[in-house]
Amino acid sequence: MHADKQIDVQETETEADTNLELRAPAADGAKGANQTIKIEDLTDTELRSAYRIAVRSRVMEEYFVRLVNRGEVKFSIWGPGEEIHGAATALALSKVVKLGEFGMILHYRSACLATMWAELHGHKDMTLDLTRQQFSRSTDPMTGGRMMVNHIVMLDLGLLPVQSPTGMQLGKAAGYAKGFQLKGIDNGVSLAVIGDGTTATSDLHEAMNAASVWELPLMILVTNNNFAISTQPHEGHGIKSLKTYAEAFECEYRECDGRDFGDVYRTTLDAATYVRDQQKPLLMLADDLPRLNAHSSAADPSFDLTQDDPLLSFGQSLVDNGVLGEEDIVRRIEGEGRDYFAHHEPGTIMAEQIDEMKVILEQVRGEPDPGPESIWEHIYPPFPDVEEKSAEGQTSISYAGAVRAATSNIIENYGGVLWGQDVGRLGGVMTATAGLGARHPGRVIDTPLNEPLIVGTAVGAGLHDGIVAMPEVQFADYSLNTFHWMVYLGNMYWGSNGNAKSSVIVRMPVDPFGGGSVYHSMSVDGYFSPIPGLVLLMPSTSYDVYGLLMTAADYGGSVICLEPKFAYRQLLGPAFPGEPSDLEEINALKKSIMRGEIPRIDPSVRVPFSKAAIRRSGEDVTIVAWGRAVWTSMAAAANLAEEGIEAEVIDLRTLVPPDLETVYASVARTNCLVIAAEDRSFAGFVRTIQGHVVEKFQGIPTRAVGQKNVPGISSQLSVEEATILNEHTIETAVVEVWQRASR
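None of the values given here were measured: they were computed from a predicted structure.

*Asks:* Help me out: how do you make sense of the overall build of the chain in this one?
*Replies:* A tally of regular secondary structure across the chain gives 23 helices and 19 strands. A compact globule built from 743 residues would reach a C-alpha radius of gyration of about 27 Å, and the chain, at 30 Å, matches this within 12%. Referenced to the eigenvectors of the C-alpha coordinate spread, the extents of the chain come out at roughly 100 × 55 × 45 Å. Every one of the 743 residues in the chain was classed for burial, and the buried ones make up 62%. Nonlocal contacts in the chain, meaning residues at least 24 apart in sequence, comprise 80% of its contacts between residues at least 6 apart.

*Asks:* For this particular structure, what's the right way to read the environment of Ala588?
*Replies:* Locating Ala588 in the fold gives a position in helix H18 (residues 583-594). Separated by 290 residues in the primary sequence, Ala588 and Ala298 place their C-alpha atoms 68 Å from one another.

*Asks:* How should the pairing of strand S11 (residues 504-510) be read in this particular structure?
*Replies:* For a regular strand, the rule is simple: side chains alternate between the two faces of the sheet. Of all seven residues in S11, seven are buried, a share of seventy percent or more. In S11, alternate side chains face the same way, and those of Val504, Val506, Met508 and Val510 on one face and Ile505, Arg507 and Pro509 on the other are all buried. Here strand S10 (residues 468-472) runs beside S11; their pairing, made up of two bridges, is parallel. Each residue of the ladder has a partner; that of Glu472, found in S11, is Arg507.

*Asks:* For this particular structure, what's the right way to read a nonpolar patch on the surface?
*Replies:* On the surface, Tyr478, Val518 and Tyr519 cluster together to form a nonpolar patch covering roughly 290 Å² of accessible area. Checked against the element boundaries, Val518 lands in the loop between S11 and helix H16 (525-528). Judged by relative accessible area, which is 47%, Val518 ranks as partly exposed.

*Asks:* Where do I start with helix H10 (residues 310-320) in this structure?
*Replies:* The α-helix advances 3.6 residues per turn, and as a result positions three or four apart in sequence lie on the same side. Of all eleven residues in H10, ten are buried, a share of seventy percent or more. Where H10 is concerned, the buried positions are Pro310, Leu311, Leu312, Ser313, Phe314, Gly315, Gln316, Ser317, Leu318 and Val319. Buried residues belonging to H10 abut helix H1 (44-69), helix H2 (83-96), helix H9 (261-278), strand S6 (331-332) and strand S7 (344-345). Remark: Gly322 follows H10 within two positions and exhibits a positive phi of approximately 75°.

*Asks:* Looking at this structure, I do not really get the pattern of salt bridges. What am I missing?
*Replies:* Overall, the coordinates contain 31 salt bridges when judged by the stated rule. Among the ionic pairs, Arg132 bridges to Glu367, the shortest N-O distance being 2.7 Å. Here Arg132 is found in helix H4 (residues 126-134), whereas its partner Glu367 is found in the loop between helix H11 (347-365) and helix H12 (399-414), with 235 residues between them in sequence. Each member of the pair, Arg132 as well as Glu367, is classed as buried. The salt bridge partner of Lys389 is Asp602, with a shortest N-O separation of 3.4 Å.

*Asks:* Would you mind showing me how to read the packing of H1 against helix H3 (residues 111-120) here?
*Replies:* When two helices pack together, you describe them by how their axes are tilted relative to each other and by the distance separating the axes. The interhelical angle for the contact between H1 and H3, taken along N-to-C directions, is 135°, at an axis separation of 9 Å. The angle between H1 and H3 falls in the class oblique. Crossing geometry of H1 relative to H3 is assigned as right-handed. Residue-level contacts link Ser49, Ala50, Arg52, Ile53, Ala54, Arg56, Ser57, Met60 and Glu61 of H1 to Ala111, Cys112, Thr115, Met116 and Glu119 of H3.

*Asks:* Would you mind showing me how to read the nonpolar core here?
*Replies:* One recurring pattern in soluble globular proteins is that nonpolar side chains are buried together. Residues Tyr51, Ile220, Phe261, Leu283, Met508 and Trp626 are the most contacted members of the largest nonpolar core, which totals 173 residues. Top element by residues in this core is H1. It accounts for 13 residues. What Trp626 contacts, discounting residues up to four positions off in sequence, is Asp525, Met538, Asp651, Leu652, Leu655, Ile675, Ala676, Ala677, Phe685, Val686 and Ile689. Counting 44 residues, the second largest nonpolar core, distinct from the first, contains Ile397, Leu589, Ile598 and Ile601.

*Asks:* It is not clear to me how the sheet that holds strand S5 (residues 282-287) should be interpreted in this structure. Could you clarify?
*Replies:* In a beta sheet, neighbouring strands are held together by backbone hydrogen bonds and run either parallel or antiparallel to one another. Spatially, five strands are ordered S1-S2-S3-S5-S4 in an open sheet, and the strand pairing comes out parallel. Only two strands of the sheet have a single neighbouring strand rather than two, namely strand S1 (102-105) and strand S4 (252-257). The average undirected angle you get between the axes of adjacent strands in this sheet is 15°. Contacting S1, strand S2 (189-195), strand S3 (218-223) and S5, H2 crosses the sheet at an angle of about 165° to S3.

*Asks:* What should I look at first to understand the confidence of the model for the chain in this one?
*Replies:* Low pLDDT marks regions whose predicted coordinates should not be analysed in detail. For the chain, the average pLDDT comes to 93, and 95% of its residues sit at 70 or higher. Here residues 1-31 scores under 50 on pLDDT; set against residues more than four positions off or in separate chains, the count is 70 contacts.

*Asks:* Is there a simple way to think about the packing of aromatic side chains in this case?
*Replies:* The geometry of two aromatic rings is summed up by the distance between their centres and the angle between their planes. One pass over the full model with this rule turns up 21 aromatic pairs. Here Tyr51 and Phe314 contribute two aromatic rings whose centre-to-centre distance is 6.2 Å and whose plane-to-plane angle is 45°, an arrangement assigned as tilted. You can see Tyr51 sitting in helix H1 and its partner Phe314 sitting in helix H10, a full 263 residues away along the chain. A residue is classified by how much of its surface remains accessible, and Tyr51, at 0% relative accessible area, is buried. A ring pair is formed by Tyr478 and Tyr519, whose centres lie 6.0 Å apart and whose planes are at 20°; its orientation type is stacked. Residue Tyr478 is located in the loop between S10 and helix H15 (483-495), and its partner Tyr519 is located in the loop between S11 and H16; the two are separated by 41 residues in the primary sequence. Note on Tyr478: relative accessible area 30%, which makes it partly exposed. For Tyr519, a relative accessible area of 48% corresponds to the partly exposed category.

*Asks:* I'm lost on the sheet that holds strand S15 (residues 621-625) in this one. Help?
*Replies:* Strand order in the open sheet formed by five strands is S14-S16-S15-S18-S19, with mixed pairing between adjacent strands. Of all strands in the sheet, those with a lone pairing partner are strand S14 (613-616) and strand S19 (702-707), marking the two edges. Neighbour-to-neighbour, the strand axes of this sheet turn through a mean angle of 25°, independent of strand direction. Both S15 and strand S18 (residues 673-680) contribute to a ladder of four bridges, which runs parallel. Bridged to Thr622 within S18 is Leu673.

*Asks:* In this structure, what is going on with the environment of Pro701? I would like to understand it.
*Replies:* Locating Pro701 in the fold gives a position in the loop between helix H21 (685-696) and S19. When the C-alpha atoms of Pro701 and Ala683 are compared, they prove to be 19 Å apart, with 18 residues separating the residues in sequence. In contact with Pro701, other than residues within four places in its own chain, are Asn671, Cys672, Leu673, Val737, Arg740 and Ala741.

*Asks:* What is the right way to look at H18 in this model?
*Replies:* In this model H18 runs 17 Å from its N-terminal to its C-terminal C-alpha over twelve residues, within 8% of the 16 Å that 1.5 Å per residue would give. Among the residues making up H18, those that are buried are Ile586, Leu589, Ser592 and Ile593. Seen end-on, H18 carries its buried residues on one side only, within an arc spanning 130°. Turned more than 90 degrees away from the buried face of H18, the exposed residues are Leu583, Glu584, Lys591 and Met594. Of the residues flanking the start of H18, the one acting as N-cap is Asp582, its side-chain oxygen 3.1 Å from the backbone nitrogen of Glu584. Gly596 sits one or two positions beyond H18 and adopts a positive phi of about 95°.

*Asks:* Just to check I follow, could you spell out the packing of H2 against H9 for this structure?
*Replies:* Interhelical geometry of H2 versus H9 gives an angle of 35° and a closest axis separation of 8 Å. The crossing of H2 and H9 is right-handed. Across the interface between the two elements, Ile84, His85, Ala87, Ala88, Thr89, Leu91, Ala92, Leu93, Lys95 and Val96 from H2 touch Phe261, Val264, Tyr265, Thr268, Leu269, Ala272, Thr273 and Arg276 from H9.

The rules behind each value
- Residues numbered from 1 in each chain as written.
- Predicted model: local features only at pLDDT ≥ 70, side-chain atom pairs only at ≥ 80, totals over all residues.
- Heavy atoms only, no water.
- Helix = DSSP H or I, 4+ residues; strand = E, 2+ residues; numbered from the N terminus.
- Rg over C-alpha atoms; globule rule 2.2 N^0.38 Å.
- Buried < 20%, exposed > 50% of the residue type's maximum accessible area, 1.4 Å probe, protein only.
- Contact = heavy atoms within 4.5 Å.
- Pairing = 2+ DSSP bridges.
- Patch = residues over 30% accessible without salt bridge, like charges linked within 9 Å, V, L, I, M, F, W, Y side chains within 5 Å.
- Areas by Shrake-Rupley, 256 points an atom, 1.4 Å probe, with all protein chains shown as cover.
- Salt bridge = Lys/Arg side-chain N within 4 Å of Asp/Glu carboxyl O.
- Axes fitted to C-alpha atoms, helices over the stretch in contact; angles between N-to-C directions.
- Parallel < 35°, antiparallel > 145°, perpendicular 65-115°, else oblique.
- Left-handed = near helix turned anticlockwise from the far one by under 90°.
- Core = buried A, V, L, I, M, F, W, Y, C linked by side-chain atoms within 4.5 Å.
- pLDDT = per-residue confidence, 0-100.
- Phe/Tyr/Trp six-rings, centres within 6.5 Å; stacked < 30°, edge-to-face > 60°.
- Expected span 1.5 Å × (residues − 1).
- Arc of directions from axis to C-beta.
- Polar contact = N/O pair within 3.5 Å; in protein donor to acceptor, adjacent residues only side chain to side chain.

See the structure below:
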């Protein structure tokens, strides 16, 4: 049935679920795991609240099942069977951790845990929030209707953003735990909740490595329902003993019966207390959880009556201990059809929750969908409004020296932290981080050899206010196994409707240079430029790499800075304010930087995002370039000038989002265009710039040139030179388009 029909899912009958009389005759009721609820530090009020929230969560998700069955919502994902575990976990955590010293990243079956946690901290509308998210309404306060249900983010409650790919919460949680260490919070706890299927992912291994090496206050909670969608344990993961796995990392281990409220509560209380007090990691298994409605609406969502239901046994235990009355609890009855409510007598508490759910549904049905124009909102956090000072002369500070200076300033003034392979003791293979470890102990960190660990943990650390995470990937070639993280960095702010962003500046050396060969020579602008929401930089001068990195720190969003390898030891571009003019002082400055020292540069220097620089003026042809290709283009332009062709060379500096207006203004004068880059022209970013210009100036002569379209770069220098962009290629392209434009 179409959603516009506004059906009442409580009362409308379908072939799938007839005779849904909620108050059917009494029958044998409590069927579920044994429960222990006699816990000294829990009051009857807390136990009643836990039951009420568990029932509320069950009602909400079983209504979502109905909505899907009737076509009122397109998809849902849920967790019936985990309510008792969720309520007990939230209660235990609330006894141990405090807001501001705790963060958790849940998964899609954690609705009850989130609802209980929110209720305990004064937010009583989580069911309304999740229903809005289920309907993809613009009123969804977490994602504005952009994400599917249970993509929870409420930073003020310590609920960090949930993402769709299972496992990524582990890297984020590990990085968030590292953030507590960096901020000097000595009782912080970070929690990641995953399913048993996620133990097969590399994300778990990365998080466990980080937790072990850095001794993180990280708690990883594995909820085991013995399924990963349809995959069974013997098919889905090779870890036979999580206890042994934890011991291999010298990580504490706990386990409990995930169906038993008391066991979950006590074990979680003990586990969280250990992590808080010892500031060390712990892996916990909540075992034998039932999955009562399959993985999602993509499978058969019928309620599984063959499994024990902890909600029933918990309710009966509360009755047996005088906490609730017989009339209060939900009981199993004989019924017909696939629908949950056809097989259960609700009792007074569930009946109240059903009535509340009806009210919520009526309200949410009347709320608006996001408008088509909303797609353009929250693509980027606001860019800093910075002024670029005029700069002249020739710098005596190398590109690597400028990177060091910017990184040092960000550490000192923005809570920056640098980590990556060999960035500390060695100072980076390109010397771009030399001297930083000695100057900033504890803020420059050598990491395990694992790029997803390096970037993923940085994403988590960057979720903290007051931290700018600066992961370095040693060679851009090895960034491709972090592509998952780059895409997530691009969509986090948009997907959360502006509620969450990670302050991350990912740096990496790029492009062929000096016989680096395959896997040490890649240009990756063509890989990362199609990711919306990322700011992608490729500075070509010392001044620009410094100024853009400082602007990135002001920005507080997600930035990738691609650094041409050829540039690190070069003195490129204009001088910084205050650079020496005396020859002896200039030589002393150069030598100090070569020794690995950190030059002092005016911390107010900035270069704005998305503002191109005109490196050379000309009226005959426009050349657009970035990175090393700028300098190749400048040399080509000088050669062309001797032949009477004056080329204007534009350095984009920011690739995404690009300054197309400067390009358009130049092309409007010259009427022809060459785009030059170190990356391949085949399917490369050069084609994006070319396409924009051709759409605006139809019929204009253009060429896009770059590296030849072969699989890699040879270690033989002469073959490398034959493969990469060179002056002759640019000059030939310029002459061609200029001649066509002159006809």
